[in-house]
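Listed below, chain by chain, are the residues.
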Amino acid sequence: MNRAVKIGLAGTCTALLVLGGIGTYNILHGLTSDDGSPQGAQPLSGPGLSSAPPSDAEALKLTRAFLDSWSRRHLDGAASDTDVPDAAGQALRGYADGLRLKNVSFGNVVPVGPSTVTQGATKVTFDVTAEVAGGSWTYPSAVAVVKATNGALAVHWNNSVLYPGLGEDETLSGGELPADATPAKAVASDGKTDLSTFPSLREIATTIGRNGEPSGGTPGKGVAVLDSDGGGVKTLKVFSKGRPAVVRTTIDARLQAAAETAVKDAHLQDKPAGTVALDWRNGHILALAHTGDDGDIAIDGIKSPGSTMKIITSAALIDQAGLTPGSPAPCDESVTANSQTFHNDPGVRARHGSTLAQAFTVSCNTSFIKDGFNALVHGGDASALNREAVDVFGMGSWSIGGGVATTDPSIPANVQGGDQAAQFIGQGKVTATPLFMASVAATVRNTGFRQPVIVPGQHQDTASRPISARTAGYLRSMMSDVATSGTAAPRLGGLAGVGAKTGTAEEGDHTNGWLTAYDSRIAVAALVEGGSSGVDSAGHVVRRLLTAD
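Residues numbered from 1 in each chain as written. Predicted model: local features only at pLDDT ≥ 70, side-chain atom pairs only at ≥ 80, totals over all residues. Heavy atoms only, no water.

K.L.:
Which parts of the structure should I look at to understand the overall build of the protein?
P.N.:
Regarding its fold elements, the protein presents 17 helices and 16 strands. Its C-alpha radius of gyration of 35 Å places the protein more than 25% over the 24 Å reference for a compact globule of 549 residues. C-alpha extents for the protein along the principal axes are approximately 115 × 45 × 40 Å. Among the 549 residues that make up the protein, the fraction classed as buried is 53%. Sequence separation of 24 or more characterises 67% of the internal contacts of the protein that already satisfy a separation of 6 or more. Within the protein, the 51 negative side-chain charges are centred at a point lying 7 Å from the centre of the 42 positive side-chain charges. (Helix = DSSP H or I, 4+ residues; strand = E, 2+ residues; numbered from the N terminus. Rg over C-alpha atoms; globule rule 2.2 N^0.38 Å. Buried < 20%, exposed > 50% of the residue type's maximum accessible area, 1.4 Å probe, protein only. Contact = heavy atoms within 4.5 Å. Lys, Arg positive; Asp, Glu negative; His and termini not counted. Charge placed at Lys NZ, Arg CZ, Asp CG, Glu CD.)

K.L.:
Help me understand the nonpolar core in this model?
P.N.:
The nonpolar side chains of a soluble globular protein tend to be buried, and buried together. Counting 114 residues, the largest nonpolar core has Ile285, Leu288, Ile312, Phe393, Ile454, Leu475 and Leu492 as its most contacted members. Take this core: its biggest share by element is 8 residues, from helix 14 (residues 434–446). Contacts of leucine 475, omitting those with residues within four sequence positions, involve Ile311, Ser314, Ala315, Ile318, Phe393, Val444 and Ile467. Membership of the second largest hydrophobic core comes to 39 residues, among which are Leu75, Tyr95, Phe106 and Val161. (Core = buried A, V, L, I, M, F, W, Y, C linked by side-chain atoms within 4.5 Å.)

K.L.:
In this structure, what is going on with the packing of helix 14 against helix 15 (residues 469–485)? I would like to understand it.
P.N.:
In helix packing, the relevant descriptors are the interaxial angle and the interaxial distance, both defined with respect to the helix axes. For the pair helix 14 and helix 15, the least separation of the axes is 8 Å and the interaxial angle reads 115°. Of the two possible hands of crossing, helix 14 and helix 15 adopt the one that is left-handed. Counted together, Ala441, Val444 and Arg445 of helix 14 and Ala472, Leu475, Arg476 and Met479 of helix 15 form the full contact between these two elements. (Axes fitted to C-alpha atoms, helices over the stretch in contact; angles between N-to-C directions. Left-handed = near helix turned anticlockwise from the far one by under 90°.)

K.L.:
What is the right way to read helix 11 (residues 365–376) from this model?
P.N.:
Since the α-helix packs 3.6 residues into each turn, any two residues three or four apart lie on the same face. In a regular helix each residue adds 1.5 Å, so 12 residues correspond to 16 Å; helix 11 covers 16 Å between its end C-alpha atoms and thus fits that length. Of all 12 residues making up helix 11, 9 are buried, and the element is well covered by its neighbours. Buried within helix 11 are the following residues: Asn365, Thr366, Ser367, Phe368, Ile369, Asp371, Gly372, Phe373 and Leu376. Contacts from the buried residues of helix 11 go to helix 9 (310–321), strand 12 (334–337), strand 13 (340–343), helix 10 (356–362), helix 12 (384–391) and helix 13 (419–422). (Expected span 1.5 Å × (residues − 1).)

K.L.:
I'm lost on the side chain of threonine 249 in this one. Help?
P.N.:
Residue placement: threonine 249 occurs in the loop between strand 9 (246–248) and helix 7 (253–262). When its relative accessible area of 1% is taken as the criterion, threonine 249 is described as buried. Among the polar contacts made by the side chain of threonine 249, one reaches the main-chain carbonyl oxygen of valine 187 at a distance of 2.7 Å. In this structure the side chain of threonine 249 is engaged in a polar contact, spanning 3.3 Å, whose partner is the backbone nitrogen of isoleucine 251. The residues contacting threonine 249, other than those within four sequence positions of it, are Val187, Ala188, Ser189, Leu195, Ile208, Ile454 and Pro456. (Polar contact = N/O pair within 3.5 Å; in protein donor to acceptor, adjacent residues only side chain to side chain.)

K.L.:
Please clarify how the packing of aromatic side chains should be interpreted in this entry.
P.N.:
The description of two aromatic rings rests on the distance between their centres and on the angle between their planes. One pass over the structure, following the stated rule, counts 10 aromatic pairs. A ring pair is formed by tryptophan 70 and tyrosine 95, whose centres lie 5.4 Å apart and whose planes are at 70°; its orientation type is edge-to-face. Highlighted residues: tryptophan 70 in helix 3 (residues 56–71) and tyrosine 95 in helix 5 (residues 85–99), separated in sequence by 25 residues. When sorted by exposure, tryptophan 70 lands in the same class as tyrosine 95, which is buried. One aromatic cluster in this structure is built from Phe66, Trp70, Tyr95, Phe106 and Phe126. Directly above the aromatic system of phenylalanine 360 lies the positively charged group of lysine 501, at a separation of 5.5 Å from the ring centroid. (Phe/Tyr/Trp six-rings, centres within 6.5 Å; stacked < 30°, edge-to-face > 60°. Lys NZ or Arg CZ within 6 Å of the ring centre and 35° of its normal.)

K.L.:
Can you help me understand unusual backbone geometry in this one?
P.N.:
Only a minority of non-glycine residues have a phi that is not negative, and only a minority of peptide bonds are not trans. The phi torsion at asparagine 108 lies on the positive side, around 55°, for a residue other than glycine. Position of asparagine 108 relative to the elements: it lies in strand 1 (residues 103–114). Relative accessible area serves as the criterion here: at 58%, asparagine 108 is assigned to the exposed category. Although it is not a glycine, aspartate 270 adopts a positive phi angle of roughly 65°. Note on placement: aspartate 270 falls in the loop between helix 7 and strand 10 (273–279).

K.L.:
How should the side chain of serine 307 be read in this particular structure?
P.N.:
With respect to the helices, strands and loops of the structure, serine 307 is situated in the loop between helix 8 (297–300) and helix 9. Judged by relative accessible area, which is 2%, serine 307 ranks as buried. A polar contact is formed between the side chain of serine 307 and the side chain of serine 363, at a distance of 3.1 Å. Here serine 307 is in contact with Ser363, Asn365, Ile425, Lys501, Thr502, Gly503 and Thr504, once residues within four sequence places are set aside.

K.L.:
What am I meant to see in the pattern of salt bridges here?
P.N.:
When their charged atoms lie close together, side chains carrying opposite charge are able to pair. A full pass over the atoms with the stated rule returns 12 salt bridges. Lysine 303 serves as the salt-bridge partner of glutamate 507, at 3.0 Å between the closest nitrogen and oxygen. With a gap of 204 residues between them, glutamate 507 in strand 14 (residues 499–507) and lysine 303 in the loop between helix 8 and helix 9 connect regions that are remote in the sequence. Classification of glutamate 507 as partly exposed rests on a relative accessible area of 26%. (Salt bridge = Lys/Arg side-chain N within 4 Å of Asp/Glu carboxyl O.)

K.L.:
Just to check I follow, could you spell out the sheet that holds strand 7 (residues 221–226) for this structure?
P.N.:
By definition, the strands of a sheet pair up through backbone hydrogen bonds, in either a parallel or an antiparallel sense. Reading across the sheet, the 3 strands line up as 5-7-8 and stay open at both edges, with antiparallel pairing between neighbours. Each edge of the open sheet carries a strand with a single partner, namely strand 5 (171–176) and strand 8 (232–240). On average, adjacent strands in this sheet sit at an angle of 20° to one another, irrespective of strand direction. Two strands pair when backbone bridges link them, and strand 7 and strand 8 are joined in this way by 6 bridges, in the antiparallel orientation. From the neighbouring strand, lysine 221 faces strand 8, where its bridge partner is serine 240. Packing against the sheet, helix 5 makes contact with strand 5 and strand 7, and its axis sits at approximately 20° to strand 5. (Pairing = 2+ DSSP bridges.)

K.L.:
Please clarify how the packing of helix 9 against helix 12 should be interpreted in this entry.
P.N.:
The geometry of helix 9 relative to helix 12 is characterised by a closest axis approach of 9 Å and an angle of 100° between their N-to-C directions. With respect to each other, helix 9 and helix 12 are oriented roughly perpendicular. In this structure, helix 9 contributes Ile312, Thr313, Ala315, Ala316, Asp319 and Gln320 to the contact, and helix 12 contributes Ala384, Leu385, Arg387, Glu388 and Ala389. Each residue belonging to the contact of helix 9 with helix 12 can be placed in one class, and the counts come to 6 nonpolar, 2 polar and 3 charged. (Parallel < 35°, antiparallel > 145°, perpendicular 65-115°, else oblique. Nonpolar A, V, L, I, M, F, W, Y, C, P; charged D, E, K, R; others polar.)

Below, the structure is given as structure tokens:
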């Protein structure tokens, strides 16, 4: 069965003596690299090869001989029909061992003319049926047959002979599928709800499945491609499905379903929206949802947060300037700071004798500009708000777990000009995400920062200066007034134990609506791009979550 090649090699010795061996040297040596490693993945050329491909009959005859030896497990004989016998023999033995091969047979062996991949070769296609550990596997394959100038034929070897597209550093495995070939499934906190069933969590579920620490599960059986380290590359055939390992997350399936509905509330008129709900006691992310073409704006929607920032501004005024909810905070029609004039939102009436709590309830911009600029900016240093956000509310680069990336909020410490005042009402260079603003509300309700996480046990950064009980108590009282009789009352009035803060942020030629709130169990924040006001856009989203919890 191997006589054609063996005769050709014998003829080579004579050619070396008679003709000086130029052409035939390349059929012996030119088909391997200088160090003996196979060159099968590269098109063959050189004076030892015929420029014309073998005839279909010649290619078919050699291919049948090669496949006959392979099917009868005469692997050295099959390898000798190739241009790199040593490498082919090793690969054929690896094929048998890796698949735990019981039997292999071939059918539909057909020459199809010149190869479009290997220069000067004729392509022969065939079907492979391999009885391997776990079942029977059938797939199409092909070889390229080359011809030397002395008439010798050889199967051009590369790993694609074993399976189409198999890389030179890859092998096949049969039986239990490797863990790498069966991604873990990210599930909700109930241990069973697949996160990928929620539209907003599909990408997150994939990321967590790849990067989280899975538990449980049983491997399936089939055929897989392995890399050089034995890790799974892809599954080629499944004989029996296993039960995937799972990565349990903090997501509450019921609340997540409510969040998916909330961001599509009809009042939003299809505007992009994002929302996050946290368990304020431990920072666990219970739900996050988004709509629109800007990606996951719940955790990456970096926008000016508007008046929701007045929570941190109030905390800074209490902690660093000694103010209380009863301190004066004149609500004038306008105020000028660093040559920039600021006004209130429409509907906010001037009240020169208002207190900090009253200004917070109606969201008076001029009160917070005046008090913030006068009490927290000293000698051009406007870093007080940044310090409060970092030290008390934990602002920073969070890792929420499972390889899920989030966009960091920003309250620059070195702002200049009008931005030194604008920061106190969440404008200028201040940016945040619904994730961060939900955490701000959670910090107030919990009397302490708990970094949000989506995977239980994930490391949680801490705040260097925990919020004091006094400051948290003041803020809860102020936020309660907003929910019951202030700017959030049209949506949240009548809900027990709720504290809130609305926000309307200017961005270019439009506004974005914000609202963050908490109740006895969760803290929520929502952003609606293009929302005319916080209460009339984000308010609908937050209400749905607070009433579903």
